[in-house]
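Working through the structure, step by step
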Amino acid sequence: MATSATQEKVLYASVDSIPLHEINVANPYLFQNDTVGEYFTRLRREDPVHYCAESRFGPYWSVTKFNDIIAVDTNHKVFSSEAKLGGISVQDMHSVEGALELEMFIAMDQPKHDQQRKAVSPVVAPSNLLLLEPIIRERAGAILDSLPVGEEIDWVKLVSVELTTMTLATIFDFPWDERAKLTRWSDVTTASPETGIVESFEQRREELIQCAMYFKGLWDERIDKPGGNDLISMMAHSPATRDMPFLEFLGNLLLLIVGGNDTTRNSISGGVLALNQNPGEYQKLRDNPALVSSMIPEIIRWQTPLTHMRRTALEDAEIGGKQIRKGDKVVMWYLSGNRDETVIDRADQFIIDRENPRHHLSFGFGIHRCMGNRLAELQLRIIWEEILKRFRFVEVVGEPERLLSNLVRGITRLPVKLHAH
Amino acid sequence: MINVTFVSADGTRRSVEIDEGLSAREAALFNSVPGIDGDCGGVCACATCHVHVDQAWMDRVGPPEEGGMESDLIQFAEGTTETSRLACQIPMVPELDGLVLHLPELQH
C-alpha cells in the first residue's frame with residue numbers, strides 16, 4: 001500500500017519518536033513546512049544510507065552524507081540517470097498517466113548524454129558569460145531601480161523571478177515582451193496537480209506542447225541563419241542536436257528553462273532570508289562588500305535549490321556499508337550532505353566568509369554536474385553587488401511561503417521592505 | 001619538495017614548491033595560485049582544476065586514461081586541447097620536478 005498524501009500530512013510530535021524504518025524524507029510536506037532538516041540530521045547520525053520500504057514513490061534508498069553522495073554521483077557506470085529506468089528524481093519519470101515522455105540529457109547515460117551536453121554547454125561556458133555580464137547587470141539594475149522603498153513588496157515576484165526570467169530570455173534570445181511565458185513553462189514543468197499550478201496532468205501536457213510549438217517557431221527562424229550565440233541557434237546548428245526527435249527537443253529545452261529558472265530564483269530569495277536570519281553576517285557584508293564572492297557559494301550551499309538527484313542501480317553495489325541491489329532507486333540528498341558536519345565545518349550555520357565555500361553539493365558532481373553553475377553564480381553576484389549599491393537593508397517583514405515539492409527547494413513568497421542608504 | 005610553475009592566461013609565471021605525494025591541484029591551492037577552483041576537494045569529480053600541460057612535459061605526464069573518470073569529466077571543460085588534464089590527477093612525483101602547467105582563463 002502506498003502512503004496517501006493525507007497520511008503524509010500527519011506530523012509526529014518529535015522526529016526522534018518515529019521508528020527509523022518509517023522515516024520517509026521524500027514526503028513533500030516536510031519541505032513545505034521546512035522541517036525535513038531534522039529528519040536528515042537523525043538519518044546522518046543513525047542510519048546514513050537509509051531504506052524506505054514504503055512510500056508513494058515506491059521503495060528507495062536515501063544517501064545522506066557528503067562523501068557517500070559524491071561516491072554515487074561519480075559512479076555513473078553503476079548508478080544510471082536513464083529516464084526509462086525512472087530518471088533523476090524520486091518521483092519516477094514517465095510514471096504518470098497523461099504526462100509527456102520527455103527526453104533530456106540530464107536523464108540519459110553515456111554516450112548520448114555526453115554528445116548533447118557538449119552541444120549546449122558553450123552557451124554557459126565562462127567566455128560566453130563574459131559577454132552576457134553587462135547585459136545582465138544592466139537588467140538587474142533596472143529591476144532594483146523600479147522597486148518602491150519603504151513599502152511591503154514580494155521579493156520573489158518582483159526580483160527573483162524577474163531576474164532569472166530576464167537572464168533566461170537573454171540566453172535564448174527570446175522575444176522580450178513574451179518572456180513571462182518562460183516563467184510559466186518553468187513552473188509547469190515541475191508541477192503536479194496537487195501544487196495548484198496546473199489542474200491536471202492533461203493541462204500540463206497541453207501547456208508544454210504549446211511551449212514546444214513556440215520554440216519550434218524560433219528554431220525554424222534561426223536554423224538557416226549563420227552564427228548566433230543563443231541557445232536555440234546553437235542547438236539548431238550543432239550536428240549533435242539539430243535532428244532531435246520532438247520529445248527530446250522539448251525535454252532539453254525544458255531542462256534548460258527549469259535549470260536556469262527555478263534554481264537560481266530560489267537562491268536569490270534564500271540569500272535574503274538567510275541574511276535576515278543571521279544579522280551578524282549581514283553586517284559583515286555591509287562592512288565589507290568584497291565578501292560577496294565567498295557569500296555566493298555559501299548561499300547556494302545554504303539554499304540547496306535542488307534537494308536531491310536520484311539514480312537507479314544497474315548492478316549490485318555497496319554504499320556506506322549497505323548492500324544495494326540491481327534496480328534499486330538511490331536518492332542522493334544534497335540538502336542533507338550540505339549539512340554534513342563531518343565534512344563541512346559548522347555546517348548548520350550560514351557563514352559568508354567560509355574558508356572553502358565552494359566545497360558543497362548543490363551543483364552535484366560527476367558527469368551530470370550542473371552545467372549552468374557559473375551562470376547561477378554570475379546572476380547572484382551581480383544582484384548582490386547591485387543591491388549593496390542601492391539598499392542598506394532588504395528587510396524580511398513576514399513569514400516566507402515555501403513550495404510543496406521534494407525536489408525544488410522553493411520559496412514562493414517573501415515579503416520584504418527596502419531601506420535606502 | 002617538488003617544484004611546479006603555473007603560467008596564468010595573462011602570461012604571469014608563479015613557481016611554487018609542494019610536498020611529494022600531493023597533487024598539482026594542491027600545489028596551486030596551498031600556494032594561493034589563482035586560476036584553479038578545485039570545487040570537489042580533489043577527488044576527480046568536477047573538472048574545475050583544468051590545466052594545459054606544457055608541451056615539453058607531456059611525455060612524462062601523459063594523457064588522461066581513456067574511458068576513465070578524468071576523460072569523462074574533462075570533455076565538458078571549456079577550451080580543452082590534447083594537453084588538457086585535471087590538476088588533481090597529476091601526482092607530484094620526483095620525475096615531475098620542474099613541471100610547467102598553463103592555466104585557462106576561467107574554470108567552467
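Residues numbered from 1 in each chain as written. Chains lettered and ligands numbered in written order. Predicted model: local features only at pLDDT ≥ 70, side-chain atom pairs only at ≥ 80, totals over all residues. Heavy atoms only, no water.

Secondary structure assignment for chain B yields three helices and five strands. Helices (α) and strands (β) of chain B occur, in sequence order from the N terminus, as β-β-α-β-α-α-β-β. Relative to the compact-globule value of 13 Å for 108 residues, chain B shows a C-alpha radius of gyration of 12 Å, a close match. Projected onto the principal axes, the alpha-carbon positions of chain B cover approximately 30 × 25 × 25 Å. Among the 108 residues that make up chain B, the fraction classed as buried is 56%. Sequence separation of 24 or more characterises 64% of the internal contacts of chain B that already satisfy a separation of 6 or more. When the accessible surface of chain B is split by element, carbon and sulfur atoms take 47% of a total near 4,700 Å². (Helix = DSSP H or I, 4+ residues; strand = E, 2+ residues; numbered from the N terminus. Rg over C-alpha atoms; globule rule 2.2 N^0.38 Å. Buried < 20%, exposed > 50% of the residue type's maximum accessible area, 1.4 Å probe, protein only. Contact = heavy atoms within 4.5 Å. Areas by Shrake-Rupley, 256 points an atom, 1.4 Å probe, with all protein chains shown as cover.)

Further remarks concern the environment of K326(A). All names here are of chain A. Within the secondary structure, K326 is located in the loop between β7 (322-324) and β8 (329-333). Distance from K326 to W219, taken between C-alpha atoms, is 41 Å for residues 107 residues apart in sequence. Sequence-distant contacts of K326, defined by excluding residues within four places in its chain, comprise A313, L314, E315 and D316.

Taken together, the contact between chain B and chain A spans 20 residues of the former and 24 residues of the latter. Buried surface at the junction of chain B and chain A, summed over both partners, amounts to about 1,800 Å²; 55% is from carbon and sulfur atoms. Broken down residue by residue, the surface that chain B buries against chain A is led by D39(B), F76(B) and H108(B), which jointly contribute 38%. Across the contact surface, chain B and chain A share four salt bridges. R374(A) is paired through a salt bridge with D37(B); the nearest N and O atoms lie 2.9 Å apart. Our count for the chain B to chain A interface comes out at 15 residue pairs in polar contact (both at pLDDT 80 or more). When grouped by side-chain class, the residues that make up the side of chain B that touches chain A number nine nonpolar, six polar and five charged. (Buried area = accessible area lost by both parts, 1.4 Å probe. Salt bridge = Lys/Arg side-chain N within 4 Å of Asp/Glu carboxyl O. Polar contact = N/O pair within 3.5 Å; in protein donor to acceptor, adjacent residues only side chain to side chain. Nonpolar A, V, L, I, M, F, W, Y, C, P; charged D, E, K, R; others polar.)

With that out of the way, let us pick up the packing of helix α14 (residues 292-303) of chain A against helix α16 (residues 373-390) of chain A. When two helices pack together, their arrangement is given by the angle between the helix axes and the distance between those axes. Residue and element names in this part refer to chain A. Relative orientation of the contacting elements α14 and α16 amounts to 125 degrees, with a least axis distance of 10 Å. Comparing the axis directions of α14 and α16 gives the class oblique. Judged by the sense of rotation from one axis to the other, the crossing of α14 with α16 is right-handed. The residues of α16 that touch α14, namely those facing V292, M295, I296, I299 and I300, are E377, L380, R381, W384, E385 and L388. (Axes fitted to C-alpha atoms, helices over the stretch in contact; angles between N-to-C directions. Parallel < 35°, antiparallel > 145°, perpendicular 65-115°, else oblique. Left-handed = near helix turned anticlockwise from the far one by under 90°.)

One turn of an α-helix holds 3.6 residues; hence residues three or four places apart share an orientation. Residue and element names in this part refer to chain A. In this model helix α9 (residues 201-222) runs 31 Å from its N-terminal to its C-terminal C-alpha over 22 residues, within 8% of the 32 Å that 1.5 Å per residue would give. Three or more residues of α9 are buried, namely R204, E207, L208, C211, A212, F215, L218, W219 and R222. Each buried residue of α9 sits inside an arc of 145 degrees when the element is viewed along its axis, so together they form one side. Contacts from the buried residues of α9 go to α7 (155-172), α8 (180-189), α10 (231-237) and α11 (246-259). (Expected span 1.5 Å × (residues − 1). Arc of directions from axis to C-beta.)

Further remarks concern the packing of helix α12 (residues 262-277) of chain A against helix α13 (residues 279-287) of chain A. Residue and element names in this part refer to chain A. Relative to each other, α12 and α13 sit at 105 degrees, their axes nearing to 5 Å. The orientation of α12 relative to α13 falls into the category roughly perpendicular. Of the residues in α13, those touching α12 at L275, N276 and Q277 are P279, E281, Y282 and L285. Taken together, the residues that form the contact of α12 with α13 break down as four nonpolar, two polar and one charged.

This part covers the environment of R25(B). All names here are of chain B. For R25, the position within the fold is in helix α1 (residues 24-29). In this structure R25 comes out as buried when scored by relative accessible area, which is 8%. Filtering out sequence-adjacent residues up to four positions away, R25 remains in contact with G38, G41, G42, C49, A87 and C88.

On to the sheet that holds strand β1 (residues 2-7) of chain B. Residues and elements named next belong to chain B. Within the open sheet, the five strands sit side by side as β2-β1-β5-β3-β4. Their pairing is mixed. At either end of the open sheet lies a strand with only one pairing partner, and these are β2 (13-18) and β4 (84-86). The sheet shows a mean angle of 40 degrees between the axes of neighbouring strands, direction not considered. Pairing geometry for β1 and strand β5 (residues 99-102), over four bridges, is parallel. Paired with V4 across the bridge in β5 is L99. (Pairing = 2+ DSSP bridges.)

Formed by 115 residues in total, the largest nonpolar core has its most connected members in W155(A), F172(A), L182(A), F215(A), L285(A), W384(A) and L414(A). Element by element, the count of residues in this core is highest for α7(A), at 10 residues. In this view, F215(A) contacts F172(A), F174(A), L182(A), W185(A), I232(A), F249(A), L253(A) and I257(A); residues no more than four positions away in its chain are not counted. Ranked by size, the runner-up nonpolar core spans 34 residues in total, among them I367(A), A47(B), L73(B) and M92(B). (Core = buried A, V, L, I, M, F, W, Y, C linked by side-chain atoms within 4.5 Å.)

What follows deals with the packing of aromatic side chains. Describing an aromatic ring pair means giving the distance of the ring centres and the angle of the ring planes. The full count for this structure, using the stated rule, is 12 aromatic pairs over all chains. Ring centres of F31(A) and W333(A) lie 5.8 Å apart, and the angle between their planes is 25 degrees; this geometry places the pair in the stacked category. Here W333(A) lies in strand β8 and F31(A) lies in helix α2 (residues 28-32), a separation of 302 residues in the sequence. Taken together, F172(A), F174(A), W185(A), Y214(A) and F215(A) form an aromatic cluster joined through their ring pairs. Lying across the ring of F76(B), R117(A) places its NZ or CZ 4.6 Å from the centre. Seen from the ring of W176(A), R179(A) lies directly overhead, with NZ or CZ sitting 4.2 Å from the centre. (Phe/Tyr/Trp six-rings, centres within 6.5 Å; stacked < 30°, edge-to-face > 60°. Lys NZ or Arg CZ within 6 Å of the ring centre and 35° of its normal.)

Quick look at helix α6 (residues 126-145) of chain A now. All names here are of chain A. Under the 1.5 Å per step criterion, the end-to-end length of α6 is 28 Å for 20 residues, consistent within 8% with the ideal 28 Å. Helix geometry: α6 is bent most strongly at L132, by close to 40 degrees, with proline P134 lying one to four residues after it. Three or more residues of α6 are buried, namely P126, N128, L129, L132, E133, I136, A140, G141, I143 and L144. Its buried side turned inward, α6 meets α7, α16 and β9 (391-396). (Bend = angle between axes of the 7 residues up to and from the residue.)

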